[in-house]
Amino acid sequence: MKKILLIICLLFGVILVFNSCNKNNSVKTDSGSILIGLVMPETHVDRWVKDGASLKRFAESRGYRAEETFAGTDQNVQNGQIRTFIKEGAKLLIIGSLSEGIIPAVADAAKAKIPVIAYDRIIPNSADYDYYITFNNYEVGTFQGKSIEDGLDLKNATTANPKTIAFFAGAATDGNAFFFYDGAVDVLNPYIDKGVLKVIGPYPRTSKDSAAFKSIATENWQAAVAEARMKDLLANEARDVRLDAVLAPNDTLARAIIKACLDDPKYSGGNLPLITGQDAEADSILAIKNGQQSMTVFKDTTKLAEAAIILADQILKGEANPVVPGATLAAGDLAVIGDTGKKIVKAFLLQPIFINKDNWNIPVQAGYFTPEEEIRLK
């Protein structure tokens, strides 16, 4: 009888151990032990701080453990953060990259069999990851170009009285900057060709004109760099010209350009050029309301962060063909968005929203701003 009882106890113990092992191997039931590393590029652009917080919140809401890091625009720091996550046993990385210098760290993640999601910035010249999630960034540029087309009434402009424009671009290390620019100039080039829109300063016809593009690019998206270049432009090529428009690729740079213009006597009275933007930052919504900035593009990065975590969840659960609600898988002409230069990754695209003084409240209604920012916007 004692032997029978002993056998029963041993069998019961084996069953408990088996069930425990099954539980520990299940992403669904024990996701709290699974670390997702969130690698963000910087803090000087507001949206990255918000993105990091949103990614962490959505990951934790699904039971994962998540840690966020910010590289301070230093690629060596960012690579170190990735390698630290690898050592800590992260099971997936979501990376907003700084530059091509990230390639060796991404290769290290691949060697450790850690999936990587490129977040809102493609990781160029790497074949060591399979997923990219972003917005339709070509359309972002199209919105900016069309706002200039409409704002300057270019369809009715003449060669006898051409409109004038200066071009700025984002960081040459950020693949999105090329899509933004090409979307805009694809709208504007026909008017430049007709002679009704005159470019003041450097003019790359497309982002493929590397030398010219670098001359209008803004290192690390730094406001100080854009402000200094705008001041130099106003003191030289645009000294005897009143600019009608400035293509600014995002809100941080738009506000820097506005600041430079307000220091110039031609614009100090508030008679500013039409200035574009992107990211729907609170300060730029205020600038749109007071007439200093003409538009921005709302890319609801809260939804992007949620979509990224939905994608991460499916990858961690072994889904070979993930589906992300609210995002489309880039195909056809848009498939190039997922081209790293080494392979075509699966690129999931969310839709941006055009914002101007008529619909500036959309980001507020979406809950995009902090309570403090909402108070400022009233």
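Predicted model only: the values in this text are computed from it and were never measured. (Residues numbered from 1 in each chain as written. Predicted model: local features only at pLDDT ≥ 70, side-chain atom pairs only at ≥ 80, totals over all residues. Heavy atoms only, no water.)

Below, the discussion takes up the overall build of the chain. Scanning the chain from N- to C-terminus turns up 13 helices and 13 strands. Expressed along its principal axes, the backbone C-alpha trace of the chain runs to roughly 110 × 45 × 35 Å. Split into buried and exposed, the 378 residues of the chain put 51% on the buried side. Within the chain, contacts between residues separated by at least 24 positions form 70% of all contacts whose residues are at least 6 apart in sequence. Taken as two groups, the 41 positive and 45 negative side-chain charges of the chain have centres that lie 6 Å from each other. (Helix = DSSP H or I, 4+ residues; strand = E, 2+ residues; numbered from the N terminus. Buried < 20%, exposed > 50% of the residue type's maximum accessible area, 1.4 Å probe, protein only. Contact = heavy atoms within 4.5 Å. Lys, Arg positive; Asp, Glu negative; His and termini not counted. Charge placed at Lys NZ, Arg CZ, Asp CG, Glu CD.)

Quick look at the environment of Ala118 now. Looking at the secondary structure, you find Ala118 in strand E4 (residues 116-119). A relative accessible area of 0% places Ala118 in the buried class. Sequence separation between Ala118 and Thr134 is 16 residues; the distance between their C-alpha atoms is 8.5 Å. Look past the residues within four positions of Ala118 in its chain and what remains in contact with it is Ile95, Ile123, Tyr129, Tyr131, Tyr132 and Ile133.

Let us now look at the pattern of salt bridges. Scanning the model with the defined rule gives 22 salt bridges in all. Of the charged contacts in the structure, one is a salt bridge between Arg62 and Asp313, with a shortest N-O distance of 3.2 Å. Of the two residues, Arg62 is situated in the loop between helix H2 (46-61) and strand E2 (65-70) and Asp313 in helix H11 (residues 301-316); the sequence distance between them amounts to 251 residues. Residues joined by salt bridges that share partners form a network here, namely Arg47, Asp51, Asp120 and Lys299. (Salt bridge = Lys/Arg side-chain N within 4 Å of Asp/Glu carboxyl O.)

For the chain, the mean per-residue pLDDT works out to 91, and 92% of the residues sit at or above 70. A low-confidence stretch, residues 1-30 stays under pLDDT 50, and its non-local contacts, those more than four residues away or across chains, total nine contacts. (pLDDT = per-residue confidence, 0-100.)

Strands sit in the order E7-E6-E8-E9 across an open sheet of four strands; the sheet is parallel. With one partner strand each, in any of the chains shown, strand E7 (197-199) and strand E9 (274-275) form the two edges of the open sheet. Here strand E6 (residues 163-167) runs beside E7; their pairing, made up of three bridges, is parallel. Its bridge partner lying in E7, Thr164 is registered against Lys198. (Pairing = 2+ DSSP bridges.)

Below, the discussion takes up the pairing of strand E3 (residues 92-95). The side-chain alternation of E3 yields two buried faces, one formed by Leu92 and Ile94 and the other by Leu93 and Ile95. Relative to E3, strand E1 (residues 35-40) runs parallel, the two sharing four bridges. Note that in E3 the partner of Gly37 across the bridge is Leu93. Pairing geometry for E3 and E4, over three bridges, is parallel. When the sheet's bridge partners are listed, Ile95 is paired in E4 with Ala118. Handedness of the crossover joining E3 and E4 through helix H4 (residues 103-111) is recorded here as right-handed. (Right-handed = clockwise from strand over helix to strand, strands pointing away.)

Okay, the side chain of Ser207 next. As for its placement among the helices and strands, Ser207 is situated in the loop between E7 and helix H7 (210-216). A polar contact of 2.7 Å, which involves the side chain of Ser207, links it to the side chain of Asp182. Apart from the residues lying within four places of it in its own chain, the contact partners of Ser207 are Phe178, Tyr181, Asp182 and Phe213. (Polar contact = N/O pair within 3.5 Å; in protein donor to acceptor, adjacent residues only side chain to side chain.)

Below, the discussion takes up the sheet that holds E1. If you trace the seven strands from one edge of the open sheet to the other, you get E2-E1-E3-E4-E5-E12-E11, paired in mixed fashion. Strand pairing shows two members of the sheet lacking a second neighbour, E2 and strand E11 (328-329), which therefore form its edges.

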